[in-house]
Protein chains: 2
Amino acid sequence: MNFNLDKSIKILERTPAVFKTLFYELDANWANINEGPRTWSAYDILGHLIHGEQTDWIPRAEIILGDGSDKTFEPFDRFAQEKLSQGKTMEDLLEEFASLRESSLNQLKSWKLSEEDLDKIGVHPDLGEVSLRQLLSTWTVHDLAHINQMSRVMVKHYANDVGPWKNYIRILKDL
Amino acid sequence: MNFNLDKSIKILERTPAVFKTLFYELDANWANINEGPRTWSAYDILGHLIHGEQTDWIPRAEIILGDGSDKTFEPFDRFAQEKLSQGKTMEDLLEEFASLRESSLNQLKSWKLSEEDLDKIGVHPDLGEVSLRQLLSTWTVHDLAHINQMSRVMVKHYANDVGPWKNYIRILKDL
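Note that the coordinates shown come from a computational prediction; the quantities given were computed from them, not determined experimentally.

Rules used throughout
Counting starts from 1 at the beginning of each chain's written sequence and moves along it residue by residue. Chains and ligands are labelled by the order in which they are written, letters from A for the one and numbers from 1 for the other. Two thresholds apply to this predicted model, a pLDDT of at least 70 for residue-level local features and 80 or more for giving and counting side-chain atom pairs, whereas whole-chain, interface and lining totals are computed over all residues. In computing side-chain properties, one takes all heavy atoms of the structure into account and sets aside hydrogens as well as water. Under the scheme used here, helices are H or I runs from DSSP no shorter than 4 residues and strands are E runs no shorter than 2 residues, and both carry numbers assigned from the N terminus. A helix is expected to span 1.5 Å multiplied by its residue count minus one. By definition, a residue's bend is the angle between the axes fitted to the seven residues ending there and the seven starting there. For the exposure calls, accessible area comes from a 1.4 Å probe over protein chains only, and a residue counts as buried if that area is under 20% of its type's maximum, exposed if over 50%, partly exposed in between. Polar contact is the term for a pair of N or O atoms within 3.5 Å; when the atoms are in protein, one must be able to donate a hydrogen and the other to accept it, and sequence-neighboring residues count only if both atoms are side-chain atoms. Axis angles are defined between N-to-C directions and span 0 to 180 degrees, where every axis is a line fitted to C-alpha atoms and, for a helix, only to the segment in contact. Angular relationships are summarised with four words: roughly parallel below 35 degrees, roughly antiparallel beyond 145, roughly perpendicular across 65 to 115, and oblique for the angles in between. Residue contacts are defined here by distance: any two heavy atoms, one from each residue, within 4.5 Å place the two residues in contact. By definition, the buried area sums, over both parts, the 1.4 Å-probe accessible area that each loses when the two are put together. Only one rule defines a salt bridge in this text: a Lys or Arg side-chain nitrogen within 4 Å of an Asp or Glu carboxyl oxygen. Charged means Asp, Glu, Lys or Arg here, nonpolar means Ala, Val, Leu, Ile, Met, Phe, Trp, Tyr, Cys or Pro, and polar covers whatever is left, Gly included.

Visitor: Would you mind showing me how to read helix α1 (residues 5-23) of chain A here?
Guide: Turn by turn, an α-helix covers 3.6 residues, leaving residues three or four places apart pointing in a common direction. Residues and elements named next belong to chain A. For α1, built from 19 residues, the straight-helix expectation of 27 Å at 1.5 Å per residue is met to within 8% by its first-to-last C-alpha distance of 28 Å. Remark: the principal bend of α1, roughly 35°, maps to Thr-15, with a proline, Pro-16, within the next four residues. Within α1, 14 of the 19 residues are buried, which leaves the element mostly enclosed by the surrounding structure. Where α1 begins, the capping side chain belongs to Asn-4, and its oxygen is found 3.0 Å from the backbone nitrogen of Asp-6. Directly after α1, the chain includes Glu-25, whose backbone phi takes a positive value near 55°.

Put into structure tokens, the structure is as follows:
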């Protein structure tokens, strides 16, 4: 196992700034491109990350750590951002995500989690029993997986512009 | 075609800051993990990006735009960073990349390229004829493709730590 709480927090702390660095007042064009119908742009991804702060990571950790006997998580709505982001600019979302993430991490740090705490169990509605350690690992790589998705979408935007170099760029090779 | 010079420069300008935001004084652990023997860590990727500034993008654009009759590019050494990065910290590389990229973009902007310039042709040693427009498109998505690679490598670091969530993270699903 590679998980370490401090090491994870260091990534979780930086993700909002990574998105800000790339997208704050960038051409709206880059933030809105996607991979086709029903796929996500950077704008959609950011809305999804915001909804995760509100309803997923910390709320689920609270269920695991709390006194309640029912440890079952609420299902997560992967499409909630379609409504929640309405009328907001990319810059609004970048600020909102940064502020929510800061609160989430303050909450996480305030718990001063022990190894025993990290072993505690909750129940995912589809996946069954999961530990707090697994939840926090997933939170961390979930950020990175969406940086991965966002960069992939942007690479594809120039798929036809690179000409013969298409063969050298793994993401484009199979298009 | 989606290529636009200003739109590309905006990405090229931000890449060094994206790497800095994520890696400056981050746990060395995250910068050094890779996907196994002969694969690249974020540290290796950054060395490769530095070598690209020195020998690839602007030098090739100069061949395309110059008066020489031989328009063939020098082959690019994909493993040069193994030697060039020796003894340097991640922070050294982050600073070096930022400074080289700034010079590259100053050079690029000073040319005030026209559509006719962008149509000019060079000869890639393996791919044959390529236009300046294709070179600049490739430079742009090359940054994003390496952000993609770097995030993939980091996601895999927690592959076993996420437990049953492995099935929800595309990068990990097929491991």
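Text resumes after the structure shown.
Visitor: For this particular structure, what's the right way to read the packing of α1(A) against helix α1 (residues 5-23) of chain B?
Guide: Two quantities define a packed helix pair, namely the angle between the helix axes and the distance between the axes. Running from N to C, α1(A) and α1(B) cross one another at 170°; their axes reach a closest spacing of 9 Å. Regarding the angle of α1(A) to α1(B), the classification is roughly antiparallel. Contacts from A:Ile11, A:Arg14, A:Ala17, A:Val18, A:Lys20, A:Thr21, A:Leu22 and A:Phe23 in α1(A) reach B:Ile11, B:Arg14, B:Ala17, B:Val18, B:Lys20, B:Thr21, B:Leu22 and B:Phe23 in α1(B).

Visitor: Where do I start with the interface of chain B and chain A in this structure?
Guide: Accessible area lost when the parts come together is the quantity often used to give the size of an interface. In this complex, chain B contributes 55 residues to the contact, which on the side of chain A involves 55 residues. Each partner contributes to the roughly 5,100 Å² buried at the junction of chain B and chain A, and carbon and sulfur atoms together form 67% of this total. Summed over the shared surface of chain B and chain A, the result is zero salt bridges. At the junction of chain B with chain A, the criterion picks out 29 residue pairs in polar contact (both at pLDDT 80 or more). Only α1, α2 (28-32), β2 (128-131), α8 (132-157) and α9 (170-173) of chain B provide two or more residues apiece to the side of chain B that touches chain A. It is α8(B) that contributes the most residues to the side of chain B that touches chain A, 16 residues altogether. Its residues assigned to classes, the side of chain B that touches chain A comprises 27 nonpolar, 15 polar and 13 charged.

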